[in-house]
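# Structural overview for review
Below are the chains, spelled out letter by letter.
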Amino acid sequence: MRPLLLFLLALAAITTQQSEGREYCVYFAQGAEQTDWAAQLAPLRQIDPQATWKFVPLSDRIDHLDAARRAAMALRDGVTRLPCVALADDHGSYTSLPLPLVSTAQVTEAQLQATNPDRETATARREFEAKSFILLATQHFTPPTTPEQCLLEVARTRKLLESEAATEEDAQILTLRVIYPLLMRRYALLYTGAHTPETEAALLDAITALEHARDLNPTSTPGRQAYDERERLRAARLQSRQYD
């Protein structure tokens with residue numbers, strides 16, 4: 001009886017999941033809000049009539065944080081063309097289809113991508129890129145205002161770089177474009193007109209991060225940029241000491 005009970009429980013779970021439907025994201029260019037999405041999504045609605053829908057407008061320009069968040073969602077869901085619908089399950093988005101959808105057969109065939117053996121790797125990479133994008137956007141649009149907030153963002157970035165999806169180039173770019181500027185901002189927030197042991201330590205932390213970005217791969221583009229910035233910083237410090 002136990003195997004039969006397990007089978008019935010599994011069947012009930014599948015039936016419940018199908019009856020509840022899923023949430024799908026429709027991505028479209030900002031300004032196309034009045035489009036008849038119901039007609040364009042008809043084949044998917046036939047397959048999953050209980051689905052719920054999220055409609056995400058994407059702007060040509062990322063000029064505020066909300067636009068950046070929507071762009072990050074599109075990165076996460078693998079959007080490469082507009083308009084489209086991202087197909088997703090409990091493990092996230094696995095493919096996107098251009099709109100309008102042609103037939104239920106098109107949707108059914110696309111749903112096979114959910115079992116693609118490379119899916120987990122691709123999903124992890126997209127999620128990493130989306131989170132990296134938000135880190136950069138957050139620093140640009142809403143930079144931290146206290147030294148403590150700077151350190152929190154640095155820790156958040158370093159945690160992201162622990163991802164298996166992160167490459168050496170990612171480490172260089174995020175260290176150069178996020179961690180180093182955050183540590184320099186912390187130094188600037190601590191500095192009140194005179195150097196103290198605390199400000200000197202903060203500046204050394206920033207320099208160490210910059211040198212780490214450089215040394216990961218000195219011949220790469222971010223490596224050379226980190227080298228140039230380190231030399232600029234060295235020259236600026238030498239010049240400032242002339243006035244001490």
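Shown above is the structure to which this text applies.
Structural notes, computed from the coordinates.

Scoring rules and cut-offs
Residues numbered from 1 in each chain as written. Predicted model: local features only at pLDDT ≥ 70, side-chain atom pairs only at ≥ 80, totals over all residues. Heavy atoms only, no water. Core = buried A, V, L, I, M, F, W, Y, C linked by side-chain atoms within 4.5 Å. Buried < 20%, exposed > 50% of the residue type's maximum accessible area, 1.4 Å probe, protein only. Helix = DSSP H or I, 4+ residues; strand = E, 2+ residues; numbered from the N terminus. Salt bridge = Lys/Arg side-chain N within 4 Å of Asp/Glu carboxyl O. Phe/Tyr/Trp six-rings, centres within 6.5 Å; stacked < 30°, edge-to-face > 60°. Axes fitted to C-alpha atoms, helices over the stretch in contact; angles between N-to-C directions. Parallel < 35°, antiparallel > 145°, perpendicular 65-115°, else oblique. Left-handed = near helix turned anticlockwise from the far one by under 90°. Contact = heavy atoms within 4.5 Å. Nonpolar A, V, L, I, M, F, W, Y, C, P; charged D, E, K, R; others polar.

Within soluble globular proteins, side chains that are nonpolar generally end up buried alongside one another. Membership of the largest hydrophobic core comes to 24 residues, with the highest contact counts inside it found for Tyr-180, Leu-183, Met-184, Leu-210 and Leu-233. Put simply, the parts of the chain that give this core at least two residues each are helix H6 (119–141), helix H7 (147–160), helix H8 (168–190), helix H9 (197–216) and helix H10 (221–241). Here this core gets ten residues from one element, more than from any other, and that element is H8.

Right, let's get into the pattern of salt bridges. For the structure shown, the criterion picks out 13 salt bridges. Among the ionic pairs, Asp-89 bridges to Arg-119, the shortest N-O distance being 2.6 Å. Here Asp-89, found in strand E3 (residues 84–89), pairs with Arg-119, found in helix H6; they are 30 residues apart in sequence, far enough to count as distant. You can call Arg-119 buried: its relative accessible area is 11%. Linking Lys-159 and Glu-162 is a salt bridge whose minimum nitrogen-to-oxygen distance equals 3.4 Å.

Turning our attention to the packing of aromatic side chains. We describe a pair of aromatic rings using the distance from one ring centre to the other and the angle between the two ring planes. On inspection of all chains with the given rule, the structure shows four aromatic pairs. Ring centres 6.3 Å apart and planes at 35° place the aromatic pair Trp-37 and Phe-55 in the tilted group. Placement of the pair is Trp-37 in helix H2 (residues 37–40) and Phe-55 in strand E2 (residues 52–58), with a sequence separation of 18 residues. Its relative accessible area of 34% is what places Phe-55 among the partly exposed residues. Put simply, the rings of Phe-28, Trp-37 and Phe-55 pair up and form one aromatic cluster.

Relative to each other, H8 and H9 sit at 165°, their axes nearing to 8 Å. As the angle between them shows, H8 and H9 are arranged roughly antiparallel. When you trace H8 past H9, the crossing you get is left-handed. On H9, the residues touching Glu-168, Ala-171, Gln-172, Thr-175, Leu-176, Ile-179, Tyr-180, Leu-183, Met-184, Arg-186, Tyr-187 and Leu-190 of H8 are Glu-198, Thr-199, Ala-202, Leu-203, Asp-205, Ala-206, Ala-209, Leu-210, His-212, Ala-213, Arg-214 and Leu-216. Taken together, the residues of the contact of H8 with H9 break down into 15 nonpolar, four polar and five charged.

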